[in-house]
Amino acid sequence: MPRREKGARLIERRRKGRSSVWVIKDTGRFERSTGTGCREEAEKALAIHIATKARPSGPSAAEEFLIGHALTIYAEEYAHTTSDPDRIAYAIEALAPFWADLAVSKITGPTCRRYASESPKAPGTIRRELSTLRAAINYCASEGYLIGTPVITLPAALEPRERYLTRQQAAVLLSAARRLNLDGRQQIQRFLILSLYTGTRKSAALAMGMNQTRVDAGWIDTKEGLVYRMGTQERATNKRRRPARCPKRLLAHARRWSRLGAKWACENQEGNRIRNNRKAWDRLVKIAHQIASTRNIPMPDRKDLTPHILKHTAITWAMQNGATIEDAASFFSTSTSTIEKVYWHHSPFCQETAVDALDRPMKSTANRLKRGPKRGR
């Protein structure tokens, strides 16, 4: 009776005069070293080996190529080159249970709709997950792993929601920040100030340094009064992150932080860079709702009160104060189409000539033709 195959497994090899090393032994394959004596690191290598050992080596038809292989290839070869690999990881983790064991040829409109109907998540989240699936399939096709690409049906895009803070609500957040403990107070206060004055996204704001050119992230130049949202060698993405002039009030804060010896814009009391402020933000939101309830100030729901609302707030305030579409798009590194579609109606100049025309007394057609149309701004 033949022996039962044991499959891929780890074996610790002890070496005379040297530290031991973990190797991967698999049925029908040569033994392969993981290059480490750490069990935890060796297990990660084993997981990668198991995930990739059945991967096709050459171009495969859609009927022969598993979606799980496409997601693995996309995660290993491309995700780490993006500005937000964690977002791709979360999407792949959500996609895998439903899609991993299906062939690429099974991607059809009905299958995509079934995935959406069986998921408890919001349509916007499902749309982002399926966009990651589409990106993974397209990547494998472009790199020669896959022959042909199916059409992936996405849920309809939702209309943008009105999400921004009034100045009174922003003041409540700043009051709540002063009630945080020493570890969270300074970092959150600086994060609020930086985000409300520049509309910089969370990841870029937390990575921002002070007065020193960087290759991996942006920085504030207090001498020239400029905010650089992206490092000199960072990969450009559709999030743009162009440089912007530093508003006077923010520049005063930044120069004070610099005089205090700050190396990072959003550092904590110990001078350490903050890589994620989720816990401090959650405490801030909880305290802010308590303050707002005592002062009878309406606040957004906790699910809507996210760091990204600060970007919406900054752009909305700029439009309310009369910024043009072109200047707002340049300053906030947002497309002019997005500014016009989502924020322009907050401007006092929105549809100005049309409203003026309707407000003026009607005159005879002959006089209007002689005068001609009024020129816009």
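Residues numbered from 1 in each chain as written. Predicted model: local features only at pLDDT ≥ 70, side-chain atom pairs only at ≥ 80, totals over all residues. Heavy atoms only, no water.

Visitor: Just to check I follow, could you spell out the overall build of the protein chain for this structure?
Guide: Across its full length, the protein chain holds 15 helices and nine strands. Counting only residues that meet the buried cut, the protein chain has 39% of its 377 residues in that class. Of the roughly 22900 Å² that the protein chain leaves accessible, carbon and sulfur atoms contribute 50%. (Helix = DSSP H or I, 4+ residues; strand = E, 2+ residues; numbered from the N terminus. Buried < 20%, exposed > 50% of the residue type's maximum accessible area, 1.4 Å probe, protein only. Areas by Shrake-Rupley, 256 points an atom, 1.4 Å probe, with all protein chains shown as cover.)

Visitor: How do you make sense of the nonpolar core when you look at a structure like this?
Guide: A general tendency of soluble globular proteins is for nonpolar side chains to be buried together. Counting residues in hydrophobic clusters, the biggest one holds 42 residues, and the most contacted among them are Leu173, Ile188, Leu192, Leu194, Trp281, Leu284 and Leu310. At the level of secondary structure, the elements contributing two or more residues to this core comprise α6 (167-177), α7 (182-198), α8 (202-207), α9 (248-259), α10 (278-295) and α11 (309-320). The residues touching Leu192, leaving out its near neighbours within four places in the chain, are Leu173, Leu174, Ala177, Trp281, Leu284 and Leu310. Core analysis: the second largest hydrophobic core is formed by 28 residues, Ala62, Trp99, Tyr145 and Leu154 among them. (Core = buried A, V, L, I, M, F, W, Y, C linked by side-chain atoms within 4.5 Å. Contact = heavy atoms within 4.5 Å.)

Visitor: Please clarify how empty space enclosed by the protein should be interpreted in this entry.
Guide: Over the atoms rolls a probe the size of a water molecule, and its path tells where empty space is left. As enumerated under the stated definition, the model contains one cavity of 30 Å³ or more in all. Of the voids in this model, the largest cavity is the one considered here, and its volume is about 50 Å³. Around the largest cavity sit Arg161, Glu162, Arg163, Tyr164, His312, Thr316, Val342, Tyr343 and His346, which together line it. Looking at the lining of the largest cavity, the elements with two or more residues in it are α11 and α13 (336-343). For the lining of the largest cavity, the class distribution of residues is three nonpolar, three polar and three charged. (1 Å grid on protein atoms, 1.4 Å probe; cavity = no way out; pocket = protein on both sides within 12 Å on 5 of 7 lines; lining within 4 Å. Points joined across faces, edges and corners; volume = space filled by probe spheres on them. Nonpolar A, V, L, I, M, F, W, Y, C, P; charged D, E, K, R; others polar.)

Visitor: In this structure, what is going on with the side chain of Thr334? I would like to understand it.
Guide: You can see Thr334 is positioned in the loop between α12 (325-332) and α13. A distance of 3.1 Å separates a polar atom in the side chain of Thr334 from the backbone oxygen of Phe332. (Polar contact = N/O pair within 3.5 Å; in protein donor to acceptor, adjacent residues only side chain to side chain.)

Visitor: Help me out: how do you make sense of the layout of surface pockets in this one?
Guide: Roughly 640 Å³ of internal volume is contained in the second largest pocket. Contributing to the lining of the second largest pocket are 21 residues, with Arg167, Leu196, Tyr197, Pro247 and Trp317 lying nearest its centre. When residues of the lining of the second largest pocket are traced back to their parent elements, those giving at least two are α6, α7, α9, α11 and α12. Tallied by class, the residues present in the lining of the second largest pocket amount to 15 nonpolar, two polar and four charged.

Visitor: For this particular structure, what's the right way to read the sheet that holds strand β9 (residues 244-245)?
Guide: In a beta sheet, neighbouring strands pair by backbone hydrogen bonds and run either parallel or antiparallel. Read across the sheet, four strands follow the order β6-β7-β8-β9 without closing on themselves; strand pairing throughout is mixed. In this open sheet, the two edge strands, each paired with only one partner strand, are β6 (209-210) and β9. (Pairing = 2+ DSSP bridges.)

Visitor: Quick question: what am I supposed to make of the packing of aromatic side chains here?
Guide: Aromatic ring pairs are described here by two measures, namely the spacing of the ring centres and the angle between the planes. Tallying each qualifying case throughout the model produces nine aromatic pairs. Ring geometry for Tyr74 against Tyr78: centres 5.3 Å apart, planes inclined by 25 degrees, an arrangement best described as stacked. Overall, Tyr74 belongs to the buried group, its relative accessible area being 7%. In this structure Tyr78 comes out as partly exposed when scored by relative accessible area, which is 23%. When the ring of Phe98 is compared with that of Trp99, the centres are 4.9 Å apart and the planes differ by 70 degrees; the resulting orientation is edge-to-face. Accessibility classification places Phe98 together with Trp99 in one group, the buried group. Clustering of aromatic rings is evident, with ring pairs tying together Tyr74, Tyr78 and Tyr139. (Phe/Tyr/Trp six-rings, centres within 6.5 Å; stacked < 30°, edge-to-face > 60°.)

Visitor: Got a minute to help me understand the sheet that holds strand β1 (residues 9-15) in this structure?
Guide: An order of β1-β2-β3 is seen for the three strands of this open sheet, with the pairing classed as antiparallel. Either end of the sheet is taken by a strand with one partner, and the two such strands are β1 and β3 (32-33).

Visitor: Where do I start with helix α5 (residues 123-142) in this structure?
Guide: Each full turn of the α-helix corresponds to 3.6 residues, which orients residues three or four apart in the same direction. The end-to-end C-alpha distance of α5, which contains 20 residues, comes to 28 Å, matching closely the 28 Å that a straight helix rising 1.5 Å per residue would cover. Buried positions along α5 lie against α2 (67-77), α3 (85-99), α4 (109-118) and β5 (146-147). Looking at the residues trailing α5, positive phi occurs at Gly144, about 90 degrees. (Expected span 1.5 Å × (residues − 1).)

Visitor: How should the environment of Ala70 be read in this particular structure?
Guide: Relative to the helices and strands, Ala70 resides in helix α2. Judged by its relative accessible area of 0%, Ala70 falls in the buried class. Considering only alpha carbons, one finds Ala70 and Ala136, 66 residues apart in sequence, at a separation of 5.9 Å. Here Ala70 is in contact with Phe65, Ala136, Ile137 and Cys140, once residues within four sequence places are set aside.

Visitor: How should I be thinking about the pattern of salt bridges in this particular structure?
Guide: Where charged atoms from two side chains of opposite charge come close, those side chains can pair. As enumerated under the stated definition, the model contains six salt bridges in all. Its salt-bridge partner being Arg39, residue Glu43 comes within 3.0 Å of it at the nearest N-O pair. In this pair, Glu43 and Arg39 are both assigned in helix α1 (residues 39-52), four residues apart and thus about one turn of the helix distant. (Salt bridge = Lys/Arg side-chain N within 4 Å of Asp/Glu carboxyl O.)

Visitor: Explanation requested: the pairing of β1 in the structure shown.
Guide: Within a regular strand, the side chains alternate between the two sheet faces. As paired strands, β1 and strand β2 (residues 18-25) are joined by six bridges and run antiparallel to one another. Paired with Arg15 across the strands is Arg18, a residue of β2. Linking β1 to β2, which pair antiparallel, is a turn of two residues; within it Gly17 sits at a positive phi near 80 degrees.

Visitor: Looking at this model, I keep getting lost on the pairing of β2. Mind explaining?
Guide: Bridge count between β2 and β3: two bridges; the pairing is antiparallel. Looking at the pairing, Val23 lines up with Ser33 of β3.

Visitor: Before we go on, may I ask you to explain the packing of α2 against α3 in this structure?
Guide: Two measures define how a pair of helices packs: the angle their axes make with one another and the distance between the axes. Orientation of α2 relative to α3, taken along the N-to-C sense of each, is 170 degrees, at an axis distance of 10 Å. As summarised for this structure, α2 and α3 are arranged roughly antiparallel, according to the angle between their axes. Of the residues in α3, those in contact with Ile67, Gly68, Leu71, Tyr74 and Ala75 of α2 are Ile88, Ile92, Leu95, Ala96 and Trp99. Looking at side-chain class alone, the contact of α2 with α3 contains nine nonpolar, one polar and no charged residues. (Axes fitted to C-alpha atoms, helices over the stretch in contact; angles between N-to-C directions. Parallel < 35°, antiparallel > 145°, perpendicular 65-115°, else oblique.)

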